[in-house]
Amino acid sequence: MRKSRRQIRDIAISSATGIAAAIMSFACLPALAQSQAIPAQQIEFFEKKVRPLLNDNCFKCHSAARKPVMGGLCLDTRAALLKGGDRGPSLLPGHPEKSLLITAIGYRDPKMQMPPRGRLKDDQIGVLTEWIRMGAPWPAGRPQATAGQPAKATFDLQARRAAHWAWRPVRRSPVPSVKNRAWPHNAIDYFLLAKLEADGLQPGQPADKLTLLRRVNYDLIGLPPTPSEIDAFLKDGSPDAYRKVVDRLLASPHYGERWARHWLDLVRYAETDGHEFDFDKPGVFRYRDYVIRAFNDDVPYNQFVKEQVAGDLLPYPRLHPTEKFNESVIGTGFWWLGEGKHSPVDITQDQRDTIDNQMDVFGKAFLGLTIGCAKCHDHKFDAISAKDYYALTGYLKSSRYNLANIDSPSHNRPIITELEKVGDQLAAMHSGPYPGKPRIIPGSAEVFEDFKKPGFEGWSVTGDAFGPGPRATAIAVKEKDGKAVIQRLATSDAADSGWCSYNLQGSLRSRTFTIDKPYVLFHLAGSGGAKVNLIIDGFQRIRYPIYGGLEIAPKDDSQMKWQAMEVSKWIGHEAYVEFLDLGPGRITCDLIAFSSSKEPHTEPFIGCVVLTSRFDGTSALASLLQKSNELKAKLVEPTRVLGLADGTGENDRVHLRGSHNTLGDEVPRRFLEACAGTNQPLVSGAGSGRLELAERMTSPSDTLLGRVLVNRLWQHHFGEGIVRSVDDFGVMGQPPTHPELLDWLASEFVRQGGSIKQMHRLMVMSSAYQMSSRANSVADRADPANKLLHRMPVRRLEAEAIRDAILAVSGRLDRTLFGPSVMPYLTQFMEGRGKPETSGPLDGAGRRSIYVGVRRNFLVPMFLAFDYPVPATCMGRRSVSNVPAQALTLMNNPFVIQQAEVWAKRINADKSRTAVQQIEDVYLTAFGRPPAPKETAAALRFLESQRKQYAGDELKPWADLSHVLFNVKEFIFVN
């Protein structure tokens, strides 16, 4: 095989020669454009984690504000750190193991232990270690925090707002005039050409038809054009031939798959929690499918955003056009796509970490702002205060994790109505008395809820299981020993998920309360896996060893009993009660109390008992029983999705230095002051207020939402955003290269009703998009980073597009849309906790990459080699590296080798084609162009050589040639 691989390498090099110059030019651009600026991710890491840590633990003794400075050491500037104190330099950038700072805070030297009051926590030491490892970045030329000088003393929100371009209203500038009036096709071209001409430059030449077709195909649907599509485009000589291609691609169902993947990068989409055991997130693939449908249906962006923020609260949710399920509520699942610990030691800190991640993604994805940098203090650079941050977190503290039912009520609701009538008739048939039985509660108990009221006031209900309110009686009809049995709870009132049928599902959640007694008591019965949870500080993953006691799953539905939760370790924490019935079961509860004692006293309290009556099969009862069973059989199990539900409305308090142990002022829930001003209407306490937030942030007058979105579209079409820091429109981001064009696009986006497809059409129909990527030495010297867009850049495909392209050209691609994800293929080297019991197929069942499961602890190695983002936070711009692992992946990955063989079989299936014709076919399929004569000759020589090696085997030579073409750079790059 050595000889074959060497030949593969040689022919790959030969075939790549024609595009080598362009690729090298592309690869050099980042280096030429590289400035000395610190990457935005490192600035954010410093501001959110490093600076607060130094300020809290070091600046009191080691800052310029201290006179004299202890040990001659200042830590409030990078220069001072590098200079060091009496013992020499404090750190060596890139080498934490050689840095005195790490030695001191790690207490490695008995004579040098800092801070003196006690060793820092391991995670704090880890933060400083990681900071030094990345080179100890410290934003230069900015005011530094010093002891006794709080950030708010120098924070002027209005001045910052007035000084920075992103906060200014969107202004639709008139289209500029240009000299070369023949070139512009639409307004985009006028704005670009005006800047080029101002610098004495001209745009590049038009791309040829084959290059343009391949480019727009990958951009809009993420797949290569087929030979038949290429042929049709070349034969179409009409002036609108290209427009027809664009219209066809935008109408393709695969358009949604391509652009949904870009969105999933923003919301850190994954289907498991990560951490140690990588637990599954329930039904999360439905969010992915929802995004695909939204892009395909061209849902207006304002509506799409409202659904993400508050889709559960929309008075008129968007319904699926044919199946009529609730689309809007699915959007709220984006809040829960982040990582999650299964058993955190500090449950409140875990809640804050979750909210911090949610706010970080919310701010970057929708607004292009690093809102999370205001968690510990007023933002160091932008017009975002700490109060802004905690005003927004209040919306999340007032919301709850929910498995929402999205089905239309049109099917189950009429059946439930009939079942209720049958239940009333069954209850009336029991003529015996219903004696009460003493129900005992502790004498010191404080009753939290006694369900003696017509509705669930103060409680929130989802699904059908619990009905509209507590029930005075609860009926269950069963078969036992061949006879009908009626069980009836003789009770005052009860929250009962089996009031109508054990098959119904749903949840019931209480108002939020503060735990102040060591026991929570429940008087209940139940079976079938239905349970009651105590949700403390929003924590959902209730499992042993730490949190198992916060769940009660009763096993007996024939007797109401007292059951207790011990919560002494969580006194002072916020919590709510959750009754959950997500299967064929039942839970019934009539009273909840808080107590200082687990054991009940003898104080009587009128209670309930389960009475059982047997019937010998009277015709009336048999008829009712048969009707009940028939109705229950018609009930459809609900489709549940990860989502958000409203809880008790509550404002958050400022966390001084980001610590939940040190709380400051309460902040009313509101949008960012820099966007909405200081006179915003306050949210009432009845609910979260997320709907009002969604309405305000999607207002046509908003300065950020449209700019951020059109900038993201621009980046994916033109390689770089008009604002290149696509997730950061703040001071530390990059300013727009064409501010007037950005605002024109944003205003046009609003004018077109938030149609994303219309923006695609505008961009790809421009003359700028249709330019060649061929380098121009004069223009490249004048504009080395291509900020003026004097030509189209050469771009490498993303990991998923590379895999999809391999499947497409091999003929294995399954174009089926939607459905549960395919388990990723697990290699023998992918080990760890939470590893699935079975591996997925090597080819992913031929499905597009968007349907391959995203398991945080078991990400696809091939994807990672090509810069697939770890789904931890918002990633609007992927890294594009050029490393040996990529070439090795295309050479040795078993999936690539397998698909080369699949392609070879398809090639050999057509015996009517000559070798030359087959070579032309494979080049057209792989690269969207016919081979050059020298490439045809090289391929023929290669095939002949391989036939000799394989003793005349016709399949293996073609498999090797197919493998060669996968390895050509042209296959994974778009000109």
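These numbers were taken from a predicted model, which means no experiment stands behind them.

**What about the pairing of strand β6 (residues 506-509)?**
1) Next: Burial along β6 is two-sided: G506 and L508 facing one way and S507 and R509 facing the other are all buried.
2) Next: Bridge count for strand β3 (residues 460-463) against β6 is 4 bridges, and the pairing is antiparallel. The residue of β6 that forms the bridge with G463 is G506.
3) Next: Examined bridge by bridge, β6 and strand β12 (residues 574-581) share 4 bridges and lie antiparallel to one another. The partner of S507 across the bridge, within β12, is L580.

**Some thoughts on the nonpolar core**
1) Next: Counting 171 residues, the largest nonpolar core has Y287, F362, F366, L367 and L745 as the members making the most contacts within it.
2) Next: Beyond its immediate stretch of four places on either side in the chain, L745 contacts I188, V710, W714, I722, M759, L762 and M763.
3) Next: Among the nonpolar cores identified, the runner-up in size contains 47 residues, and I415, F456, L504 and I552 belong to it.

**Let's talk about the packing of aromatic side chains**
1) Next: Under the counting rule described, the total for this entry stands at 37 aromatic pairs.
2) Next: With centroids separated by 5.8 Å and ring planes inclined at 50°, the aromatic side chains of W263 and F366 adopt a geometry described as tilted. One end of the pair, W263, is in helix α11 (residues 253-266); the other, F366, is in helix α14 (residues 347-367), and 103 residues separate them in sequence.
3) Next: You can call W263 buried: its relative accessible area is 3%.
4) Next: By the ring-pair criterion, three or more aromatic residues cluster together here, those being Y255, W263, Y287, Y290, F295, Y301, F304, F334, W335, F362, F366 and F749.
5) Next: It is K209 that lies over the ring of F233; its NZ or CZ is 4.3 Å from the centre.
6) Next: A cation over an aromatic ring shows up here: R847 above the ring of Y851, its NZ or CZ 4.2 Å from the ring centre.

**Structural notes on the pattern of salt bridges**
1) Next: Going through the model one piece at a time under the given rule, you end up with 52 salt bridges.
2) Next: Its salt-bridge partner being R712, residue D727 comes within 2.8 Å of it at the nearest N-O pair. Of the two residues, D727 sits in the loop between α20 (705-718) and α21 (739-751) while R712 sits in helix α20, which places them 15 residues apart along the sequence.
3) Next: Classification of D727 by relative accessible area gives buried; the value is 14%.
4) Next: Overlapping salt bridges, with partners in common, bring together E257, R803, D804 and R848 in one network.

**Some details on the environment of E574**
1) Next: Tracing the chain through its elements places E574 in strand β12.
2) Next: In this structure E574 comes out as partly exposed when scored by relative accessible area, which is 27%.
3) Next: Ignoring anything within four residues of it in the chain, the contact list for E574 reads K397, T512, F513, T514, I535, I536, D537 and E650.
4) Next: A distance of 3.2 Å separates polar atoms of two side chains, one belonging to E574 and the other to K397.

**A look at the packing of helix α8 (residues 209-220) against helix α9 (residues 227-235)**
1) Next: The N-to-C vectors of α8 and α9 enclose an angle of 130°; their axes lie 10 Å apart at closest approach. Regarding the angle of α8 to α9, the classification is oblique. The two elements α8 and α9 meet at a crossing, and its hand is right-handed. Residues K209, L210, L213 and N217 of α8 form the contact with α9, whose participating residues are E229, I230, F233 and L234.
2) Next: Looking at the contact of α8 with α9 residue by residue, the class counts come to 5 nonpolar, 1 polar and 2 charged.

**Re the confidence of the model for the protein chain**
1) Next: Here the protein chain shows a mean pLDDT of 87. Residues at 70 or above account for 89%.
2) Next: Taken as a whole, residues 1-36 scores under 50 in pLDDT and shows 50 contacts with residues more than four places along the chain or in a different chain.
3) Next: Note that pLDDT drops below 50 for residues 141-153; the model gives that stretch 26 contacts with residues more than four away or on any other chain.

**Details of the pairing of strand β9 (residues 531-536)**
1) Next: Most of β9 is tucked away: 5 of the 6 residues are buried.
2) Next: Where β9 and β12 come together, 6 bridges link them in antiparallel fashion. Counterpart to K531 in the pairing with β12 is L580.
3) Next: Of the pairings in the sheet, the one linking β9 to strand β10 (residues 551-552) comprises 2 bridges and is antiparallel in character. Across the sheet, the residue bridging to N533 is E551, located in β10.

**Quick word on helix α5 (residues 122-133)**
1) Next: In a regular helix each residue adds 1.5 Å, so 12 residues correspond to 16 Å; α5 covers 16 Å between its end C-alpha atoms and thus fits that length.
2) Next: Buried residues of α5: I125, V127, L128, T129, W131 and I132, and no others.
3) Next: Residues of α5 that are buried make contact with α2 (40-57), α3 (78-83) and α4 (100-105).
4) Next: Trailing α5 by a residue or two, G135 shows a phi angle of about 105°, which is positive.

**A word on helix α24 (residues 799-810)**
1) Next: Look at α24: 17 Å from first C-alpha to last across 12 residues, which is about the 16 Å you get at 1.5 Å a residue.
2) Next: Within α24, 11 of the 12 residues are buried, which leaves it mostly tucked inside the rest of the structure.
3) Next: Of the residues making up α24, those classed as buried are A799, E800, A801, I802, R803, D804, A805, I806, L807, V809 and S810.
4) Next: Just past α24, the residue G811 takes up positive phi, approximately 90°.

**Quick notes on the packing of α8 against α11**
Any two packed helices are characterised by how steeply their axes cross, that is the angle between the axes, and by the distance between the axes.
1) Next: In the contact formed by α8 and α11, the axes pass within 7 Å of each other and the chain directions differ by 70°. Considering the angle they form, α8 stands roughly perpendicular to α11. Contacts between α8 and α11 involve Y218, D219 and L220 from the former and H254, Y255, R258 and W259 from the latter.
2) Next: A breakdown of the residues in the contact of α8 with α11 according to their chemical character gives 4 nonpolar, 1 polar and 2 charged.

**Some remarks on the environment of L635**
1) Next: Position of L635 relative to the elements: it lies in the loop between α17 (619-634) and β15 (640-646).
2) Next: With 131 residues separating them in the primary sequence, L635 and L504 have C-alpha atoms 7.9 Å apart.
3) Next: In contact with L635, other than residues within four places in its own chain, are N412, I415, I416, L419, S501, N503 and L504.

**Considerations on the side chain of N326**
1) Next: The residue N326 is located in the loop between α13 (301-310) and α14 in this model.
2) Next: With a relative accessible area of 18%, N326 lands in the buried category.
3) Next: Within the structure, the side chain of N326 is placed 3.1 Å from the backbone nitrogen of V329, a separation counted as a polar contact.
4) Next: Sequence-distant contacts of N326, that is, excluding residues within four places in its chain, are made with P317, R318, L319 and I406.

About the criteria used
Residues numbered from 1 in each chain as written. Predicted model: local features only at pLDDT ≥ 70, side-chain atom pairs only at ≥ 80, totals over all residues. Heavy atoms only, no water. Buried < 20%, exposed > 50% of the residue type's maximum accessible area, 1.4 Å probe, protein only. Helix = DSSP H or I, 4+ residues; strand = E, 2+ residues; numbered from the N terminus. Pairing = 2+ DSSP bridges. Core = buried A, V, L, I, M, F, W, Y, C linked by side-chain atoms within 4.5 Å. Contact = heavy atoms within 4.5 Å. Phe/Tyr/Trp six-rings, centres within 6.5 Å; stacked < 30°, edge-to-face > 60°. Lys NZ or Arg CZ within 6 Å of the ring centre and 35° of its normal. Salt bridge = Lys/Arg side-chain N within 4 Å of Asp/Glu carboxyl O. Polar contact = N/O pair within 3.5 Å; in protein donor to acceptor, adjacent residues only side chain to side chain. Axes fitted to C-alpha atoms, helices over the stretch in contact; angles between N-to-C directions. Parallel < 35°, antiparallel > 145°, perpendicular 65-115°, else oblique. Left-handed = near helix turned anticlockwise from the far one by under 90°. Nonpolar A, V, L, I, M, F, W, Y, C, P; charged D, E, K, R; others polar. pLDDT = per-residue confidence, 0-100. Expected span 1.5 Å × (residues − 1).

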